[in-house]
Structure formats: structure tokens, C-alpha cells
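# Architecture at a glance
Residue-level listing of the chains:
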Amino acid sequence: MTAVSSNTIFKDNIFAGKVLLCSGGGSGICRGLTEAMVRHGAKAVIISRSKDKLEKAADEMRKATGGVVLCAAADVRKPDQVEAAVKFTIEKLGRIDYLINGAAGNFLAPFQGLSYNAFRTVIEIDLLGTFNLTKAASEHIKASKGSILNISATLYYTGLPYQQHAGSAKAAIDALTKHWAVELGPFGVRVNGIAPGPIADTEGMDRLGALLEVESIPLQRLGSVKDIENATVFLFSDAASLITGVTLVVDGGQWLNPRNPAYPAMVLNPISKI
Ligand code: HXC
Ligand code: NAP
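Report follows, based on the coordinates. As the structure is a computational prediction, the values presented were derived from the model and not from experiment. Along each chain, the written sequence defines residue order, and numbers are assigned to residues from 1. The order in which chains are written sets their letters, starting at A; the order in which ligands are written sets their numbers, starting at 1. Residue-level local features of this predicted model are given only where pLDDT is at least 70; pairs of side-chain atoms are given and counted only at 80 or more, and the full residue set underlies all totals for whole chains, interfaces and linings. Water and hydrogen atoms were dropped before computing side-chain values, which therefore reflect all heavy atoms in the structure.

### Considering the sheet that holds strand S1 (residues 19–23)
Rule in force here: Note on pairing: two strands pair once DSSP finds at least 2 bridges between them. Secondary structure counts use DSSP, requiring at least four H or I residues in a row for a helix and at least two E residues in a row for a strand, with both numbered from the N terminus. Helix axes are fitted to C-alpha atoms over the stretch in contact, other axes to C-alpha atoms as well, and angles between N-to-C directions run from 0 to 180 degrees. Note on contacts: a residue pair qualifies if any of its non-hydrogen atoms lie within 4.5 Å across the two residues.
A sheet is described by the order of its strands in space; here seven strands give the open sequence S3-S2-S1-S4-S5-S6-S7, paired in parallel fashion. The open sheet has two edge strands with one neighbour each: strand S3 (69–73) and strand S7 (247–250). Direction aside, the axes of adjacent strands within the sheet are offset by 20° on average. This element, helix H1 (residues 28–39), spans S1, strand S2 (43–48), S3, strand S4 (98–101), strand S5 (147–151) and strand S6 (190–196) of the sheet and lies at about 175° to S1. Helix H5 (residues 164–184) rests against S4, S5, S6 and S7 of the sheet, and its axis sits at about 160° to S6.

### A look at the packing of aromatic side chains
Here a ring pair, both rings aromatic, is described through the centre-centre distance and the interplanar angle of the planes. Our working definition: Only the six-membered ring of Trp is used, alongside the rings of Phe and Tyr, when aromatic pairs are assigned; centres must lie within 6.5 Å, and planes under 30 degrees apart are stacked while those over 60 apart are edge-to-face, with the rest tilted. Using a 1.4 Å probe on the protein chains alone, a residue whose accessible area is under 20% of its type maximum counts as buried, one over 50% counts as exposed, and one in between counts as partly exposed.
Counted under the stated rule, the structure contains four aromatic pairs. Pairing Phe15 with Tyr98 gives two aromatic rings, centres 5.3 Å apart and planes at 70°, and the pair type is edge-to-face. You can see Phe15 sitting in the segment before S1 and its partner Tyr98 sitting in strand S4, a full 83 residues away along the chain. Judged by relative accessible area, Phe15 falls into the buried class, the value being 1%.

### Considering the site of ligand 2
We apply this condition: Being near a molecule or strand, for a residue, means having at least one of its heavy atoms within 4 Å of it. N or O atoms within 3.5 Å of each other form a polar contact, as long as, within protein, one can give a hydrogen and the other can take it, and as long as residues adjacent in sequence are counted only when both atoms are side-chain atoms. Here, Shrake-Rupley sampling with a 1.4 Å probe gives the accessible areas, and only protein chains in the shown set may cover a residue.
Ligand 2 sits among 28 residues. The nearest are Ser27, Ser48, Arg49, Asp75 and Thr202. The separation between an oxygen atom of ligand 2 and a polar main-chain atom of Ser50 is 3.1 Å. Relative to its free-state accessible area of 870 Å², ligand 2 is covered by the protein chains to the extent of 89%. Where the shell around ligand 2 is concerned, the elements lending two or more residues are H1 and helix H6 (203–208). Of the residues forming the shell around ligand 2, the biggest block, three residues, is contributed by H6.

### A few points about the nonpolar core
Defined as follows: Among the buried residues, those of types Ala, Val, Leu, Ile, Met, Phe, Trp, Tyr and Cys that are joined through side-chain atoms within 4.5 Å form a nonpolar core.
Residues Leu20, Met37, Ile100, Ile194 and Phe236 are the most contacted members of the largest nonpolar core, which totals 31 residues. Mapped by element, the contributors of at least two residues to this core are S1, H1, S2, helix H2 (51–65), S4, S5 and helix H7 (225–236). Every residue in contact with Leu20, bar those within four places of it in the chain, is listed here: Thr34, Met37, Lys43, Ala44, Val45, Tyr98, Leu99, Ile100 and Phe236. Grouped together as the second largest cluster of nonpolar side chains are 29 residues, Val45, Ala85, Leu93 and Leu184 included.

### Topic: helix H3 (residues 79–93)
Using the following cut-off: Each helix should span, by expectation, one fewer than its residue count multiplied by 1.5 Å. This arc corresponds to the set of directions leading from the helix axis out to the C-beta atoms.
Between the first and last C-alpha of H3 there are 21 Å, a value that for 15 residues agrees with the 21 Å anticipated at 1.5 Å per step. Within H3, the full set of buried residues consists of Val82, Ala85, Val86, Thr89 and Leu93. Taken down its axis, H3 places every buried residue within 95° of arc, on the same side. Facing away from the buried side of H3, by more than 90 degrees, are the exposed residues Asp80, Lys87 and Glu91. Each element contacted by the buried residues of H3 is listed here: S1, S2, S3 and helix H4 (116–143). Positive phi appears at Gly94, one or two residues downstream of H3, with a value of about 85°.

### Observations regarding the side chain of Ser237
Take Ser237: it is sitting in the loop between H7 and S7. Look at Ser237 and you get buried, because its relative accessible area is 7%. Aside from chain neighbours lying at most four places away, what touches Ser237 is Ile14, Phe15 and Arg190.

### Focus on the packing of H3 against H4
The following threshold applies: Note on convention: near helix rotated counterclockwise from far helix by under a right angle means a left-handed crossing. Clockwise means right-handed. Here the term charged refers only to Asp, Glu, Lys and Arg, the term nonpolar to Ala, Val, Leu, Ile, Met, Phe, Trp, Tyr, Cys and Pro, and the term polar to all other amino acids, Gly among them.
For the pair H3 and H4, interaxial distance at closest approach is 8 Å and the crossing angle is 30°. Between H3 and H4 the crossing geometry is right-handed. Where H3 abuts H4, its residues Pro79, Val82, Glu83, Val86 and Ile90 lie against Asn132, Leu133, Ala136, Ala137 and His140. Taken together, the residues of the contact of H3 with H4 break down into seven nonpolar, two polar and one charged.

Purely geometric stuff here, so don't read any function into it on its own.
Okay, here's the thing in C-alpha cells:
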């Protein structure tokens, strides 16, 4: 069945016959990215820890698009689980063309309130999870001359307080984007990133919104999931066929003018746990 398109500047079926694997695809931004890719003809497998959440999201996306969306419960911190998810994708859909590394964990925590385990947890989900899933899928992506997209963030561009765990994970993910672009380029694989700014109606915004002031965003609005969908479809499309190793910031200019209404009080009088 041909997937139902939505309001888009891209042609309907540019990803027909292609397969997307997306971690974090059961909610928020990456659910939107999955649905956008399916609306443009791709089949998809979404990964996260919660089987119930994935099944509900996949069912809703199938109904909304008429396309193919399957799910594989896996914790990206566990290599055996991501390998099983990749195996499932190949068994069910036969190939992997596109990979989105979107699974992430985040919370606000001052240095004093960030335990050893809390720091390690976020590094493991974001950074090791990105490495694990990409390593598990890489031979299939090479075989299809596909493309990888790492979902990053601008948190570390300015050293945002309470965000050293996520910021350092995203910095390292941006490094992987460059290393993989160089190592996989000769195989015909492009590797890019997107660093969203604050995106309305998402878990990330719910958790971090207190640090942001919408008025300071040069384009005067929060991002929408649709903004990230458009950037994703572009980066996976042939229109971006010479673009690799780039992390595209999609934030309305937010990081260039990051006024933080809670600073410096939040550092001088830290709240131990938020
Ligand atoms: C301080 C915290 C904490 C908090 C958890 N911990 N929440 N420390 N402040 N608010 C600590 C715990 O006490 C524990 O340390 C350690 O972190 C691990 O916690 P667990 O609950 O055992 O971990 P786990 O079950 O693996 O859950 C991971 C999680 C959770 C990250 C803690 O919040 C989660 O599942 N998040 C997924 C969804 C999510 O975060 N989405 C937002 C992505 S937005 P101790 O020492 O007690 O054992 C994003 C960027 C947004 O990434 C940018 C916006 C501009
Ligand atoms: P979200 O809805 O909470 O998405 C995060 C997803 O990751 C969830 O679906 C979660 O599902 C999954 N996940 C978490 N830990 C996992 C694990 N160990 N293994 C497998 N899956 C795991 O948050 P979001 O706000 O849309 O963020 C999506 C992405 O955009 C993240 O990479 C985030 O860093 C980035 N980002 C967001 C914003 C923003 O404004 N929202 C800004 C910049 C960057 P389960 O709980 O089922 O595992």
C-alpha cells in the first residue's frame, strides 16, 4: 500500500522501497521523524524500552499513514538487545537504509545532585546507545549505501548549567558523526546529525523548559516536531547527496543568544534534585 502523504515540500514517495530503523521512535521528536519517513514511502522499525508504548505508537502511525511501522523493544545500552532488533528488522523487512539514533535520557541536575550513576546512565543511553545501534546496523547500511542521522543538541555549545551529562554525551555523538562520515563515506554511506533547539510539546522541553526564554530566540518561536521532520527528510534525500559529517542546527538561532532566566541563582543555590 502507498503511504498517505502529508503537507510537505518533498515528493511523496522519495523513500519507496527503503527501510528506516529509529531508536526513540515511539515518542516525541523521533516518532514524528519516523512518521515523516513513512509518509514519504519508507517502511520503519521503531526501538525503545517500552513495548507497550512502541506498539501503541506503531499502531497509530500505521493508521495515520497506511504505511508499514513495526516495533522492537530494546534497551540501546544492551548490545545483545540492539543486535536482536537489527536481526528482527532484516528478517521482517530485508534491509536497512536509514538509521536514526534518537534514544536519549535527560533531566536537570546540578553538579552536586548528579550522582556517579546518574552521569553514567545518560552517557550510556545517549552515547553508548548511539554507538551500539550503529555498530549493530552498520554492515546493512553499507550494503544499501544508506545514511545515518544522529540526534544531538546544542547544550554543550555554551556550557548550559545542570546539563553536563547530556551535553558531554551529545558532544561525543557529534564527534561520532564526523568519524563515521570519514570511515563510511568511501562505502557510499552519509552520516549527519541534527541538533534541535527547544521543541514544543516534547518530553525534552517539559524537562528543560525552565532554562529557556522564548523571547531570546532570534526567530521568536519554539521549534516544532515538523521543523525537525523537514530537516530529516532533506538530509536523507538525494538533495543532500554531497552532505556528510555535518550536524545541522535547527533552533531558530536559540543557542546564539541563550538567555537563561534562572542563572546564576541556580548555580549559587542549587536545588539538589529536580
Ligand atoms: C538527578 C536523577 C534524576 C534527576 C534520575 N536520576 N533522575 N538524578 N536528577 N531528575 C538518577 C537516579 O537517581 C539514578 O542514580 C540514575 O539517575 C539512574 O536513574 P534510573 O531511574 O535508575 O535510570 P533509568 O531507569 O535507566 O532511566 C533513565 C533516565 C529516565 C534518564 C533517568 O529519566 C529516562 O528513562 N528518560 C527517558 C526519557 C527522557 O529523558 N527524555 C528526554 C530527552 S530530552 P542513583 O545514584 O540514585 O542510582 C533531551 C535533550 C533535551 O535529551 C534538550 C531540550 C532543549
Ligand atoms: P522523548 O520523547 O523522551 O524521546 C526519547 C526516547 O528515547 C523515548 O522514546 C524513550 O523510550 C527512548 N529511550 C530512552 N532510553 C532508552 C534506552 N535506554 N533504550 C532505548 N530507548 C530509550 O524525548 P524528545 O524530547 O522527543 O527527544 C528526542 C531526541 O531529541 C533526543 O535525542 C533528545 O536528546 C533530542 N533533543 C530534544 C530536544 C527537545 O526540545 N525535545 C532538544 C534537543 C535535542 P522508552 O522510555 O520507551 O525507552
